[in-house]
2 protein chains.
Amino acid sequence: MSVSTQEFREAMSRLGSAVNVITTGNITTPHGFTASAVCSVTDTPPTLLVCLNSSARVRPAFIDGAGMCVNVLTSDQKELSGIFAGPYDMSQRFDSADWSVLETGAPVLTNALASFDCQIDRIVEVGTHSVIFGLVKAIRLGTSGGGLMYFNRNYHDLPHSHGGDS
Amino acid sequence: MSVSTQEFREAMSRLGSAVNVITTGNITTPHGFTASAVCSVTDTPPTLLVCLNSSARVRPAFIDGAGMCVNVLTSDQKELSGIFAGPYDMSQRFDSADWSVLETGAPVLTNALASFDCQIDRIVEVGTHSVIFGLVKAIRLGTSGGGLMYFNRNYHDLPHSHGGDS
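All of the points below concern the structure found in this document.

So, how was this worked out
Residues numbered from 1 in each chain as written. Chains lettered and ligands numbered in written order. Predicted model: local features only at pLDDT ≥ 70, side-chain atom pairs only at ≥ 80, totals over all residues. Heavy atoms only, no water. Least-squares fit on C-alpha atoms with pLDDT ≥ 70 in both. Buried < 20%, exposed > 50% of the residue type's maximum accessible area, 1.4 Å probe, protein only. Helix = DSSP H or I, 4+ residues; strand = E, 2+ residues; numbered from the N terminus. Arc of directions from axis to C-beta. Salt bridge = Lys/Arg side-chain N within 4 Å of Asp/Glu carboxyl O.

## Section: the relation of the copies chain A and chain B
Between the two copies of the chain lies a rotation about an axis combined with a shift along it. Overlaying chain A on chain B yields an RMSD of 0.0 Å, the required transformation being a rotation through 180° with an accompanying axial translation of 0.0 Å. What we have between these two chains is a two-fold relation. For chain A, the minimum C-alpha distance to the rotation axis belongs to A:Ser17 and amounts to 2.5 Å.

Quick look at the structure:
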């Protein structure tokens, strides 16, 4: 018994996820793409991971030891998600938003919900994809906002407001 | 410059994620826990990953070659999420829902939004956590339902209905 690509994608569309713009390089030579396959690994030391197609044109820029910034998008940044997932070159992508830097020099998105500035610590190749582990070196929390989620092949907003236990 | 555990957790609370019950073992000797750190890795071959604290009591049951089922929870399964994250023994956890099996024998949750029945292919240790890669051997799509998400330290529901492009 085996699972088809189509069946896997249909089932994966039911696993909702946050939408993020992942960057590397620096402000003058930036690289970036939209990713939903991001998750927390451990808080000791603070580490996350990002999955990236090994054949993506940005892949060669993500190398061991380099900076990598994971920018979590707000519900107001839907258009930016499309731009960083679309057929635009890097200057077109980065010209569509404002950027600064924290510790590693990787571009940090202004007004992201949260930005994790990481140093790439390890890259594990799994089939067609690279799993990139980042050690978090600096964090910037953006202004409050709702979260942008992708679920059932559509964007959804999650409200910022807390439910009462915090 | 370094990032504290507290700062990392605060920022991570802004990365919304789906809520899942991960199982291994079999119907008579089941093991399971609630996890939000799950993501798609590649569709060739269909592969996902799950992060698990290496000191968790269920950790020894997740071994290379074993079955592992990732059950994506619906918005109606909030209580089950709490039970599989709480101080209950395995029989108490599994008695609180209905289970079957697909290919590997790992318990498959009845009425999950989607279930990915996997064989554990590789486990990578990163700091305090184990990153478990599962090759998807079988899939079951549940009855339609909303998705259960965790964001800003609260549960949220995502509607099942599509937005019009599908």
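## Side note on helix H1 (residues 5–12) of chain B
Residues and elements named next belong to chain B. Among the residues making up H1, those that are buried are Phe8, Ala11 and Met12. Down the axis of H1, the sector holding all buried residues measures 100°, keeping them to one side. Of the residues in H1, the exposed ones pointing more than 90 degrees away from the buried face are Gln6 and Arg9.

## Focus: the pattern of salt bridges
Residue and element names in this part refer to chain B. Scanning all chains against the criterion turns up 8 salt bridges over all chains. Its salt-bridge partner being Arg59, residue Glu125 comes within 3.0 Å of it at the nearest N-O pair. Taken together, the residues span a long stretch of sequence, with Glu125 in strand E9 (residues 114–126) and Arg59 in the loop between strand E5 (46–53) and strand E6 (67–72) at a distance of 66 residues. You can call Glu125 partly exposed: its relative accessible area is 40%.

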